[in-house]
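Coordinate analysis (summary)
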Amino acid sequence: MVQDQAETVSARIADWSREAPQRLWDPSRRLLRAIRKYQSWRGRRGPVAYLARRWWANQHRLWSLVTQCEIYIEAEIGGGLIMPHPNGIILHPDSRIGPNCMIFQQVTLAAGETGSPVIGGHVDIGAGAKILGAVTIGDHARIGANAVVLQDVPAYCTAVGIPAKILPPREQRAVSPLPAPVPGRAPATRSYG
Ligand SMILES: CC(C)(COP(=O)(O)OP(=O)(O)OC[C@H]1O[C@@H](n2cnc3c(N)ncnc32)[C@H](O)[C@@H]1OP(=O)(O)O)[C@@H](O)C(=O)NCCC(=O)NCCS
């Protein structure tokens, strides 16, 4: 993703349409909806508010069970989160996530001795990635699949590998000449679904 494309999705203003359930069976959006609704009834008094909180807390339990995700009901998550394959996503209760992020399956945000991860806006976190400790991920950054991130990632950069190394934005990377194609072999592609 080049910087121009990244700018088309805001890192500051939540796009709530990304979270709106699109069909009856839409576990990730149903889970998020339970969290949002529960939080909207927080701090309100009276029997209606009490019953509403209980209802949404039970919805949260149900969809957590379905997805096997652990996302705290009081979690601080910016609007517009997308979880395309919501399975096994574990977010530490103290971690914070900015607006319009995308989190793939089996991602873990874990606390360390010095604190918990802080994720900026419009950050994409690839499948299986682990972000550990008081690490700050800048806006529009990308975390590669299975990366183990132990250091801050500046805005627009990409983190890959174990432990993760930081790559500058694509347009700032040195272009190395392509190797000569091997006869009879299809060219490698880098398109991941
Ligand atoms: C990291 C990612 C976002 C690509 O970012 P990018 O900036 O376009 O990176 P490039 O493809 O140009 O690769 C840059 C370098 O990182 C390496 N790299 C890319 N992804 C990597 C990964 N997940 N782990 C380790 N290294 C990786 C490449 O091999 C390349 O190395 P080289 O410079 O030595 O050749 C992408 O590879 C990725 O991991 N996306 C997650 C997708 C995902 O989880 N999908 C789930 C679908 S169910």
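What comes next concerns the included structure. A quick note: this is a predicted structure, and the numbers were derived from the prediction, not measured.

Cut-offs applied
Starting afresh in each chain, residues are numbered from 1 along the sequence in its written order. At least 70 in pLDDT is required for a residue's local features to be given in this predicted model, at least 80 for side-chain atom pairs to be given and counted, and no such filter applies to totals for whole chains, interfaces and linings, which use all residues. A run of H or I in DSSP counts as a helix once it spans at least four residues, and a run of E counts as a strand once it spans at least two, with each numbered from the N terminus. Here a helix's expected span is defined as the number of its residues, less one, multiplied by 1.5 Å. Burial is judged by counting the other C-beta atoms within 10 Å of a residue's own C-beta: 20 or more makes it buried, 12 or fewer makes it exposed, and any count in between marks it as partly exposed, with every C-beta position built from the backbone. Here the arc refers to the directions that run from the helix axis out to each C-beta atom. Contacts here follow a simple rule: the backbone-placed C-beta atoms of the two residues must lie within 7 Å. A pair of strands is treated as paired once DSSP finds two or more bridges between them. Only the stretch in contact is used when a helix axis is fitted, and all axes are lines through C-alpha atoms; the angle between N-to-C directions ranges over 0 to 180 degrees. Here the angle decides the label: under 35 degrees means roughly parallel, over 145 means roughly antiparallel, 65 to 115 means roughly perpendicular, and every other value means oblique. Should the near helix be turned anticlockwise from the far one by less than a right angle, the crossing is left-handed, and should it be turned clockwise, the crossing is right-handed. Just so you know the grouping, Ala, Val, Leu, Ile, Met, Phe, Trp, Tyr, Cys and Pro go in nonpolar, Asp, Glu, Lys and Arg go in charged, and all remaining residues, Gly too, go in polar.

Moving on: helix α3 (residues 47-67). The terminal C-alpha atoms of α3 lie 30 Å apart, and with 21 residues this matches the ideal 30 Å at 1.5 Å per residue to within 8%. If you check which residues of α3 are buried, you get Trp-56, His-60, Trp-63 and Thr-67. The buried side chains of α3 occupy one side of the element, clustering within an arc of 75° when seen end-on. In this structure, α3 carries Pro-47, Tyr-50, Leu-51, Arg-54, Asn-58, Arg-61 and Leu-65 as exposed residues pointing more than 90 degrees from its buried face. The secondary structure elements touched by the buried residues of α3 are α2 (27-40). One or two positions beyond α3, positive phi appears at Gln-68, with a value near 55°.

Before going further, it helps to examine the sheet that holds strand β10 (residues 136-137). Judged by pairing direction, the sheet is parallel, and its four strands sit side by side in the order β2-β4-β7-β10 without closing on themselves. The open sheet has two free edges, formed respectively by β2 (76-77) and β10, since each of these has just one partner strand. As judged from the two bridges shared by strand β7 (residues 118-119) and β10, these two strands associate in the parallel manner. When the bridges of β10 are listed, Ile-119 appears paired with Ile-137.

Attention now moves to the packing of α2 against α3. Running from N to C, α2 and α3 cross one another at 155°; their axes reach a closest spacing of 8 Å. The angle between α2 and α3 falls in the class roughly antiparallel. The two elements α2 and α3 cross, and the hand of that crossing is left-handed. Facing α2, whose interface residues are Pro-27, Ser-28, Arg-30, Leu-31, Ala-34, Ile-35, Lys-37 and Tyr-38, α3 presents Arg-53, Trp-56, Ala-57, Gln-59, His-60, Trp-63, Ser-64, Val-66 and Thr-67. Of the residues belonging to the contact of α2 with α3, the class tally is nine nonpolar, five polar and three charged.

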